[in-house]
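Geometric and topological summary
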Amino acid sequence: MAYGQMRVLLVDRAVAAVARVARVGRLAVRLATTTRMRPTDVYAAVATARFMAAHELIERADAACDDDEIDLIQIRQPLWFGGTTIVEDDQ
């Protein structure tokens, strides 16, 4: 890859990152203006969604473990919720 191509690729990735941040900002502004939610309310909703997703994962894992052939080793949240390990079995 030539030096000029590398610079253009770097600029392209920077522009894409700025576009993603702008999209998230537009969404936050839209949520704040249409639902009359303050920034702290939006933060609380996001934090609650993370814990509700963890609760849902635990319920699904418990339902799957009713079968004797399945051993639960680990439950992890997806990366968009922080990639947190919820349950890990030390075997």
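Thresholds, definitions, all that
- Residues numbered from 1 in each chain as written.
- Predicted model: local features only at pLDDT ≥ 70, side-chain atom pairs only at ≥ 80, totals over all residues.
- Heavy atoms only, no water.
- Helix = DSSP H or I, 4+ residues; strand = E, 2+ residues; numbered from the N terminus.
- Expected span 1.5 Å × (residues − 1).
- Buried < 20%, exposed > 50% of the residue type's maximum accessible area, 1.4 Å probe, protein only.
- pLDDT = per-residue confidence, 0-100.
- Patch = residues over 30% accessible without salt bridge, like charges linked within 9 Å, V, L, I, M, F, W, Y side chains within 5 Å.
- Areas by Shrake-Rupley, 256 points an atom, 1.4 Å probe, with all protein chains shown as cover.
- Salt bridge = Lys/Arg side-chain N within 4 Å of Asp/Glu carboxyl O.
- Lys, Arg positive; Asp, Glu negative; His and termini not counted.
- Charge placed at Lys NZ, Arg CZ, Asp CG, Glu CD.

A rise of 1.5 Å per residue sets the reference length of helix H2 (residues 39-64), with its 26 residues, at 38 Å; its end C-alpha atoms lie 38 Å apart and thus fit the reference within 8%. What H2 keeps buried is the set Val42, Ala53, Ala54 and Ala61.

Right, let's get into the confidence of the model for the protein. Confidence in the prediction for the protein averages 77 pLDDT; 81% of positions are at 70 or higher. Within the protein, the element-level pLDDT minimum falls on strand E2 (residues 85-88), averaging 66, and the maximum on helix H1 (residues 3-34), averaging 84.

Let us look at the environment of Arg50. By secondary structure assignment, the location of Arg50 is in helix H2. Residue class for Arg50 comes out partly exposed when judged on its relative accessible area of 33%. For the pair Arg50 and Gln77, spaced 27 residues apart in sequence, the C-alpha separation works out to 8.7 Å.

This brings us to a positive patch on the surface. Together, Arg20, Arg23, Arg26 and Arg30 give the surface a local cluster of positive charge. Topologically, Arg23 is positioned in helix H1.

On the secondary structure map, Arg76 appears in strand E1 (residues 74-76). Taking relative accessible area as the criterion, Arg76 reaches 42% and is therefore assigned partly exposed. For the pair Arg76 and Leu57, spaced 19 residues apart in the sequence, the C-alpha separation amounts to 8.3 Å.

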